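Here is what each chain is made of, one letter per residue.
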Amino acid sequence: MHETTWTRRSLARLAAGAAMLLSLPGLAFAQDRPKPLDKPEDVTIALVRYLSTGDFFQAYLTGVQNQAKALGVNLRVLDSRQDAALQADMVDQAVALGVDGIIVQHGLTESMTEPVKRAVAAGIKVVAFDVNVDNPDVPQIEQSDRDLARLALEQAVKDNGDSFQAAYVYVAGIAPLDRRDETWREFKEKYPGIEQVAQFGTLDNPIANSVANQASAVLRANPGISVIFAPYDEFAKGVKIAVDEAGLTEDIKIYSADISTADIQAMREEPSAWIATAATNPQLIGEVSVRALAMLLAGEDPGHNVVVPPTLVTRDMLMENEIQNMDELSQKLPQFAKTDVAKPEWMPVP
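No experiment lies behind these values; they were computed from the predicted model shown.

Caption draft 1: Here's a closer look at helix α9 (residues 261–268). Of all the residues in α9, the buried ones are Asp263, Ile264, Ala266 and Met267. Viewed along the axis of α9, the buried residues span an arc of 165°, placing them on a single side of the element. At its buried positions, α9 is contacted by α8 (233–245), β10 (274–279), β12 (311–314), α11 (315–320) and α12 (326–332).

This is the structure:
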């Protein structure tokens, strides 16, 4: 009887140990994955970044790192810090390093098209997040930028009616901002009472402070502004600085796109002009970017446009649900925390 009990305990321990082993990132059911991801330690991917300043991009990087770890693949991160020529060189560097796949994160179409074409010609799988590389073989990871802008602008009309003076923050040539700009122009056509009295914007580092300097001048020159559409959270941070310094917090409402813990804290301030933002979880987008690339490596098709749907987040929602950070946002808005986009059955997730 004692021997039988001991055997059962031993078997239980062995089963628990096996379960723990299979739960380790990169190890779980590797034998059931398609090649070459059945031997993930032999796979190397590169993330080639254009934009990296701000909480959004740090969260995106965390998502890339977490999903790469879950797969067990090697990750190289190359950061051009908004130098378009350097980013192009970095794609070529990744090719020379012999990586299996590349994620291109943001950038300019004119500087990315040729190096990406060379990478694809070399047999390397490539996906692009928020940059149009003009290549049918490269899936585009998107956060449905038109929907991001639409959700924020619909809230602006709901809050302010369809007639107001607005300022608009925009920099042309960045794919997600260009897509959001399309929706802004459509809204102005749909609601002719929306009068855009000023447009400004810069990506000079630090972005928020540079935008704040511009916004201060705009607010002095246009005292009738009651709404500012700043469809990137670093833009919105800068606008909020200027609005607060001008003593206009109670008179102006800010609508944006993207979100982070710092954004949530800024929106929760009492009072705060930052009323609403539309966002996808940047960490989730990072995970989806790696998953889509892994599918390509496995010979599967994630689709040409891999779209992660956005969620509207308002200041009222944050206050009512006592949401103070990204973890609480994910807990209390489940649609923000998970997505089945680019997730075949064999794919391990963080």
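Caption draft 2: Region of the structure containing the nonpolar core. Judged by nonpolar contacts, the single largest core of 96 residues is most densely connected at Ile228, Phe235, Val239 and Leu329. The element contributing the most residues to this core is helix α10 (residues 282–297), with 9 residues. Once residues within four sequence positions are removed from consideration, Ile228 is found in contact with Ala167, Val169, Leu219, Val239, Val243, Ile252, Lys253, Ile254 and Tyr255. Counting residues in each nonpolar core, the second largest holds 19 residues, with Val104, Ala119, Val131 and Val133 among its members.

Caption draft 3: View of the pairing of strand β3 (residues 101–105). Burial within β3 is extensive, with 5 of its 5 residues counted as buried. Alternating positions in β3 separate into two faces, Gly101, Ile103 and Gln105 on one and Ile102 and Val104 on the other, with burial throughout. Direction of pairing for strand β1 (residues 44–49) relative to β3: parallel, over a ladder of 5 bridges. When the sheet's bridge partners are listed, Val48 is paired in β3 with Val104. In this fold, the crossover linking β3 to strand β4 (residues 125–129) by way of helix α4 (residues 109–121) has right-handed handedness.

Caption draft 4: Focus on the confidence of the model for the protein. Residues with a pLDDT of 70 or more make up 91% of the protein, whose mean pLDDT is 91. Considering only residues more than four positions removed or in separate chains, one finds that residues 1–6, a stretch of pLDDT under 50, has 0 contacts. Predicted confidence is poor over residues 18–28, with pLDDT under 50, and the contacts of this stretch with residues over four places away or in other chains come to 14 contacts.

Caption draft 5: Seen up close, the sheet that holds strand β11 (residues 305–307). The strand order across the open sheet built from 6 strands is β2-β1-β3-β4-β5-β11, with neighbouring strands paired in parallel fashion. Two strands bound the open sheet, and with one partner strand each, they are β2 (74–79) and β11. This sheet shows a mean twist of 20° between the axes of neighbouring strands, independent of strand direction. Each of β1, β3, β4, β5 (140–142) and β11 touches α10; the most contacted strand, β4, lies at about 155° to it.

Caption draft 6: Just helix α5 (residues 145–160), in detail. For α5, which comprises 16 residues, the first-to-last C-alpha distance of 22 Å matches the rise-based estimate of 22 Å (1.5 Å per residue) to within 8%. Among all positions in α5, only Asp145, Leu148, Ala149, Leu151, Ala152, Leu153, Gln155, Ala156 and Val157 are buried. Phi turns positive, to about 80°, at Gly161, one or two residues after α5.

Caption draft 7: Local environment of the sheet that holds β10. Read across the open sheet, the 6 strands follow the order β7-β6-β8-β9-β10-β12; overall the sheet is mixed. Every other strand in the sheet has two partners, leaving β7 (194–200) and β12 as the edge strands with one partner each. If you compare each strand with its neighbour and ignore which way they point, the axes differ by 20° on average. Sheet topology note: the strand β8 (residues 227–230)/strand β9 (residues 253–257) ladder contains 4 bridges and is parallel. Each residue of the ladder has a partner; that of Ile228, found in β9, is Ile254. Across the sheet, α5 is in contact with β6 (164–169), β7, β8, β9, β10 and β12; its angle to β9 comes to roughly 165°. Its contacts with the sheet put α9 on β10 and β12, and the angle it makes with β10 is roughly 150°.

Caption draft 8: Geometry of the packing of helix α3 (residues 84–97) against α4. At a minimum axis separation of 9 Å, α3 and α4 run at an interaxial angle of 5°. By the angle between their directions, the pair α3 and α4 is classed as roughly parallel. Here α3 contributes Ala84, Gln87, Ala88, Val91, Asp92 and Val95 to the contact with α4, which in turn contributes Ser111, Met112, Pro115, Val116, Arg118 and Ala119. Taken together, the residues of the contact of α3 with α4 sort by class into 8 nonpolar, 2 polar and 2 charged.

About the criteria used
- Residues numbered from 1 in each chain as written.
- Predicted model: local features only at pLDDT ≥ 70, side-chain atom pairs only at ≥ 80, totals over all residues.
- Heavy atoms only, no water.
- Buried < 20%, exposed > 50% of the residue type's maximum accessible area, 1.4 Å probe, protein only.
- Helix = DSSP H or I, 4+ residues; strand = E, 2+ residues; numbered from the N terminus.
- Arc of directions from axis to C-beta.
- Contact = heavy atoms within 4.5 Å.
- Core = buried A, V, L, I, M, F, W, Y, C linked by side-chain atoms within 4.5 Å.
- Pairing = 2+ DSSP bridges.
- Right-handed = clockwise from strand over helix to strand, strands pointing away.
- pLDDT = per-residue confidence, 0-100.
- Axes fitted to C-alpha atoms, helices over the stretch in contact; angles between N-to-C directions.
- Expected span 1.5 Å × (residues − 1).
- Parallel < 35°, antiparallel > 145°, perpendicular 65-115°, else oblique.
- Nonpolar A, V, L, I, M, F, W, Y, C, P; charged D, E, K, R; others polar.

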